[in-house]
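# Inside the fold
Single-letter residue listing:
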Amino acid sequence: MQLLPFYLVCDESGSMAGVGVDTLNSSLPQLHAEISTNPTISDKARFCLMGFSTTAAVLQPMADLGELDSLPALSAGGVTSYGAAFRLLKDTIEQDVTLLKSQGHQVYRPVVFFLSDGNPTDPDWHTSLRNLNEFPFAPKIIAFGIGDAAADVLAEVANFKAFIQKDTSVTPATALREFAASLTRSIVTSSASISSRDGQGFTLQVDDQVPGFSTLSLDKL
């Protein structure tokens, strides 16, 4: 079977308390419902939920959403260690892809949706990101920033697309709901492309424009 792994990596630092985690927690059931009730999609997509603050943790190990009753809730506290997120992401992807391949599956390059509302508090996060980008199962990363997240940092994190909350006229709650909707659309349309291409790969579908966000350039010298 051909499988496309998706990883949702969410900032759970203290600044996400209240509106941030509450909005995400209210959006995750809709994501779960849209994917789990569509067998064509859930058969192709695998989903993992991770959170990070001072440390990082796998909140929902990689699974077929059609086999889950619900997704775990996010919480908030601590600082913003990007490095912890990237190190755990690398280890988790390596374990997941190795396992899926051992079960006879064809695994496409993993896709990561990374969300943060602030800047990294750990000085060595670039090293962890470089290690993630250079290992054999390196993922495609789509980064979203809200609140105090810096555009230049998000553009460094992403290697496929990056978005940042437009301005204070867009509330974090509105931006987060649009983020969740964009993530859901990407999983549905990208996974559907596997079935439509007769085993010839897939097309990663990510919105070019997301309401409430500005699209960042990833051109780097």
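Structure's up top.
Residues numbered from 1 in each chain as written. Predicted model: local features only at pLDDT ≥ 70, side-chain atom pairs only at ≥ 80, totals over all residues. Heavy atoms only, no water.

### Re the environment of A56
Looking at the secondary structure, you find A56 in strand 3 (residues 56-63). Here A56 falls in the partly exposed class, since its relative accessible area comes to 23%. Sequence separation between A56 and Y7 is 49 residues; the distance between their C-alpha atoms is 13 Å. With near-sequence residues (within four places) excluded, A56 lies in contact with G51, A84, A85 and L88. (Helix = DSSP H or I, 4+ residues; strand = E, 2+ residues; numbered from the N terminus. Buried < 20%, exposed > 50% of the residue type's maximum accessible area, 1.4 Å probe, protein only. Contact = heavy atoms within 4.5 Å.)

### Let's talk about the packing of helix 3 (residues 82-102) against helix 4 (residues 125-134)
At a minimum axis distance of 8 Å, the contact between helix 3 and helix 4 shows a crossing angle of 20 degrees. Of the possible angle classes, the one that applies to helix 3 and helix 4 is roughly parallel. The hand of the helix 3/helix 4 crossing is left-handed. Across the interface between the two elements, Y82, G83, F86, R87, L89 and K90 of helix 3 pack against W125, S128, L129, N131 and L132 of helix 4. (Axes fitted to C-alpha atoms, helices over the stretch in contact; angles between N-to-C directions. Parallel < 35°, antiparallel > 145°, perpendicular 65-115°, else oblique. Left-handed = near helix turned anticlockwise from the far one by under 90°.)

### Focus: the pattern of salt bridges
Any two side chains of opposite charge can pair, given that their charged atoms come close. Per the counting criterion, the structure on display carries 3 salt bridges. The salt bridge partner of D207 is R185, with a shortest N-O separation of 2.5 Å. Taken as a pair, D207 in the loop between helix 6 (172-196) and strand 8 (213-215) and R185 in helix 6 lie far apart in primary sequence, 22 residues in all. Under the relative-accessibility criterion, D207 is labelled buried at 19%. Classification of R185 as partly exposed rests on a relative accessible area of 34%. (Salt bridge = Lys/Arg side-chain N within 4 Å of Asp/Glu carboxyl O.)

These figures capture arrangement, not role.
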